[in-house]
Amino acid sequence: MIDNCSAILDEFRTIRKTPETYLKNIDKPIIGYFETYVPEEIIAAANMHPLRISPDNAPITIGNSKIESFACPVSINFLDQLLSGKLSFLQGVIFSRYCDSMRGVADIWQENRGKSFYHFIPYPTIATSESINFLSDELEKLAEHISDYFNTKISEEAITEAIRISNKKRLAVLKFYDLVKKGELLISSSDFFAIVSLATIMDSIEYTEKLERFIDQYEPVSNQNFGSNIKVAVSGIMLESMQFFETMDKVGLRMTVDDLMFGSRAFKGLISKEKAGLYQAIAKRYLNKVPCSVKGNLDLRIDELVNDCRESGTKGVIFYIVTFCDSEEAEYPILKKRLLEKKIPVIAIEGGYRISSTGQLLTRLEAFAEQIGERL
Amino acid sequence: MRLEATGNLKKLISGYYSDLKKYADSGKPIAWVNVGIPCEIFYAMDIFPFYVENYGAMLGARKEAVKYSKFAETDGVSKHTCSYLRSTYGSLLSKEGPIGKLPEPTILVETSNSCVTVLSWWRLIEKATNVPCFLFDSPMVEYESSGNHLAYQVSETKRMIRFLEEKTGKRFDLNRLKEVVKISNEGKRLWRETMELRTNHPSPLTGADLFTHMFPMVALRGTEQYLEHLRMLYKETKERIKRKEFPVAKEKHRFLWDNLPIWHDLRLFEELAKKGINFVTDTYTQAWGDKFMGEVSLDDPIKGLAYYTGGGFLNVHIKKRLAVLLDIIKLYDVDGVVFHADRSCKSYSLIQVQLADQLRQNGIPSIIIEADHNDTRDYNRDSIIARIETLSEMGER
Ligand code: SF4
Ligand code: SF4
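Remember, it's a predicted structure, so these values are computed and weren't measured experimentally. (Residues numbered from 1 in each chain as written. Chains lettered and ligands numbered in written order. Predicted model: local features only at pLDDT ≥ 70, side-chain atom pairs only at ≥ 80, totals over all residues. Heavy atoms only, no water.)

A.B. asks: Looking at this structure, how should I read the overall build of chain B?
C.D. replies: Counting its secondary structure elements, chain B contains 18 helices and eight strands. Relative to a compact globule of 397 residues, whose C-alpha radius of gyration would be 21 Å, chain B shows 20 Å and is just as compact. For the C-alpha atoms alone, the extent of chain B along its principal axes is close to 60 × 50 × 40 Å. Residue burial in chain B is summarised as follows: out of 397 residues, 65% are buried. (Helix = DSSP H or I, 4+ residues; strand = E, 2+ residues; numbered from the N terminus. Rg over C-alpha atoms; globule rule 2.2 N^0.38 Å. Buried < 20%, exposed > 50% of the residue type's maximum accessible area, 1.4 Å probe, protein only.)

What follows is the structure, encoded as structure tokens:
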């Protein structure tokens, strides 16, 4: 790696470690969302910064007393961040119908938010021409709501530009994925996670520019000189624990493919021009993207995962399940069967948004590494 | 105090399951559906609607849910998921159950109008049975389905009818649907009127009664036997008032139950009744009342059914849930609310802390108890009774 490239990587690492410092320097109003079905393009078109909220590492203060203990821990963390005022730097939040836990969080927040901006997108589950029409109308309503509330105007030009910027970012991330898959870019699991997760946290233009430069200036190192060398995929919904990825690094498991809500599933599929208009184009892309299990359609997701594993020579899949995440918990048997049919070993690890025992995780990952551990 | 109509209910349930078998034996189409799906369309098309939640409730009431859940858990389904899902999917995998091996479905039909869990549930069934599956998509609404949402629900209803025609070879006939909807409407009216008889002091019914008798509302709407049963139930309830025969003659407390009942312990209501505590209303059976499933216009039954599918009880946001609570608390003269935090049902339960806070702010004593509607593991009856008693200590009538 030449210096410039490692400088960019260092910058990514720093921002990932303390995103709050980075966000302080954003000179636009910030709107938060929690999952990647909320189209960032519409927020960006209002000249605001779309920020995907991730679970933080701080202890829960109030969230536990405001929602039942069997809500998933990620959703409790989100609720806690909202109710405790940690997210008061946001101008508002946008929810969509995602999972049963997050609909609870959305409703509770609706009753406690005071006058801050709140919008819930009634999201379809399927992709048909009727559902695209429906979502398109709903996205237009979202844009109107933002315009009215913030006394701003979301023009067609601004949406077109926001789409261009997001598409460019998607292409850059997809290129990054492709290089990692082909083994032309060797990177540790923790750096992979840092880079990908920042795509929905940082300013899109700045992020894309940095990622493109990182890719351009990257100089291949040989496999021999690279520590983590057993290629694995990580699948799940919300796995945002740096500790998790660092533990993977420790045992020599290198993430070459991800199948995460804020990872590859957020970037595959661009928005293409539609005669029927910009909202239709956005709706079409979001309803056709590789779905999360909350949309009840695992087939496309598994096909993509299997293809990515094949293309990259990945040796196994780590499936991370957030405790009480019903969709992932219920669909795991399907995913497992399909992967095993394809002779791809899979390990399921269940936990919260933080890793409570790295020792235990280390042991399990070591065992998995041993099981699949044919070195490259 | 047992309702005479309960004898008829038993006949109704066994008739439903023997019809299911008859359809299977004669090769007639069977659809496995979930509760949000309007059965009127299925009866009008002579497709048997097998309500899988109902089957789950039966496993729960027979205390057999855990036995079957274990098959699902062995298959890799987590214990944290909805116990309806686990017990019914487990029964399917084990090829066993109270009626023996479940007859195979011809098709599967699901809707997203109650929870996201259903989508995973139907996926598991789909993989296990390998039959075509239809998802009736129903995004959430604030209060009710209207405007573009209603248009979408109408188009989903029509898309479902096309799917049914295509996969079963049955023809849809609007006039036949009107006949079925007419019966369904009449039954819904009787259900509402029966519920309203509970406003009487004392209530002619206990909390368990309507939970027990909701089966025809869920699975048989639009059939003759449904109407006959609801007439019987209404008449008997009304006569109780006339004859002054009340299950809890001296109601010290009139409480409201929020959420599914604990199917494996409906006797809990009897136990509490002995202490003068009667549950005179609940939000669950209201889901089949006129607030969520009212009369469907015969001029455009597809639109009417679509309206109620889209505005289903678990498809609305907190403001409507709160408005309904406040409304029925007043109507039924309720003096305390028990929120059953049902571990299985996040979609129903996760706003209960908020709702309870808001009710307390309105001066309505409210408590939360935790259990599971089907899974008997970790069930602590004594502590639940003790908690409900603390609510009753907040003042007698
Ligand atoms: S981890 Fe699962 S249950 Fe939790 S917020 Fe994400 S999707 Fe919802
Ligand atoms: S999660 Fe709740 S709404 Fe969904 S199937 Fe289970 S009990 Fe029904």
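Okay, back to it.
A.B. asks: Looking at this structure, how should I read the overall build of chain A?
C.D. replies: The helix and strand tally for chain A stands at 15 helices and eight strands. Its C-alpha atoms give chain A a radius of gyration of 20 Å, near enough to 21 Å, the size a compact globule of 376 residues would have. Reported as C-alpha extents along the three principal axes, the dimensions of chain A are approximately 60 × 45 × 40 Å. A buried classification covers 63% of the 376 residues belonging to chain A. Positive and negative side-chain charges of chain A, numbering 45 and 52 respectively, have mean locations separated by a distance of 2 Å. (Lys, Arg positive; Asp, Glu negative; His and termini not counted. Charge placed at Lys NZ, Arg CZ, Asp CG, Glu CD.)

A.B. asks: What is the right way to look at unusual backbone geometry in this model?
C.D. replies: Peptide bonds are trans in most cases, and residues, glycine excluded, mostly fall at negative phi. All names here are of chain B. For the peptide bond that leads from histidine 201 to proline 202, omega is -10 degrees, which places it in the cis range. Structurally, the position occupied by proline 202 is in the loop between α8 (174-197) and α9 (207-213). Non-glycine residue lysine 244 carries a positive phi angle of around 55 degrees. The exposed category is assigned to lysine 244, whose relative accessible area is 65%.

A.B. asks: Can you walk me through the sheet that holds strand β7 (residues 316-322) of chain A in this structure?
C.D. replies: Within a sheet, adjacent strands bond to each other through the backbone by hydrogen bonds, running parallel or antiparallel. Residues and elements named next belong to chain A. Taken in spatial order, the four strands of this open sheet run β6-β5-β7-β8, and their pairing is parallel. On the outer flanks of this sheet lie β6 (253-259) and β8 (346-351), each paired with one strand and no other. Here the average twist between neighbouring strands, direction ignored, is 30 degrees. One ladder, built from six bridges, connects β7 with β8; its direction is parallel. Its bridge partner lying in β8, tyrosine 320 is registered against isoleucine 349. Across the sheet, helix α7 (residues 156-182) touches β5 (230-236) and β6, and the angle it forms with β6 is around 140 degrees. Taken strand by strand, helix α10 (residues 242-250) contacts β5, β6, β7 and β8, and its axis lies near 135 degrees from that of β6. (Pairing = 2+ DSSP bridges. Axes fitted to C-alpha atoms, helices over the stretch in contact; angles between N-to-C directions. Contact = heavy atoms within 4.5 Å.)

A.B. asks: Could you clarify how one ought to interpret the site of ligand 2 in this entry?
C.D. replies: Residue and element names in this part refer to chain B. Taken together, Cys82, Tyr84, Cys115, Val118, Trp121, Leu314, Ser344, Cys345 and His373 are the residues near ligand 2. Comparing atom positions with the cavity grids shows ligand 2 to sit within the largest cavity. When the residues that make up the shell around ligand 2 are grouped by side-chain class, the tally is seven nonpolar, two polar and no charged. Both domain 1 (5-173) and domain 2 (176-392) contribute no fewer than three residues apiece to the shell around ligand 2. (Near = heavy atom within 4 Å. 1 Å grid on protein atoms, 1.4 Å probe; cavity = no way out; pocket = protein on both sides within 12 Å on 5 of 7 lines; lining within 4 Å. Sits in = over half its atoms within 2 Å of the grid points. Nonpolar A, V, L, I, M, F, W, Y, C, P; charged D, E, K, R; others polar. Domains from an automatic or database assignment.)

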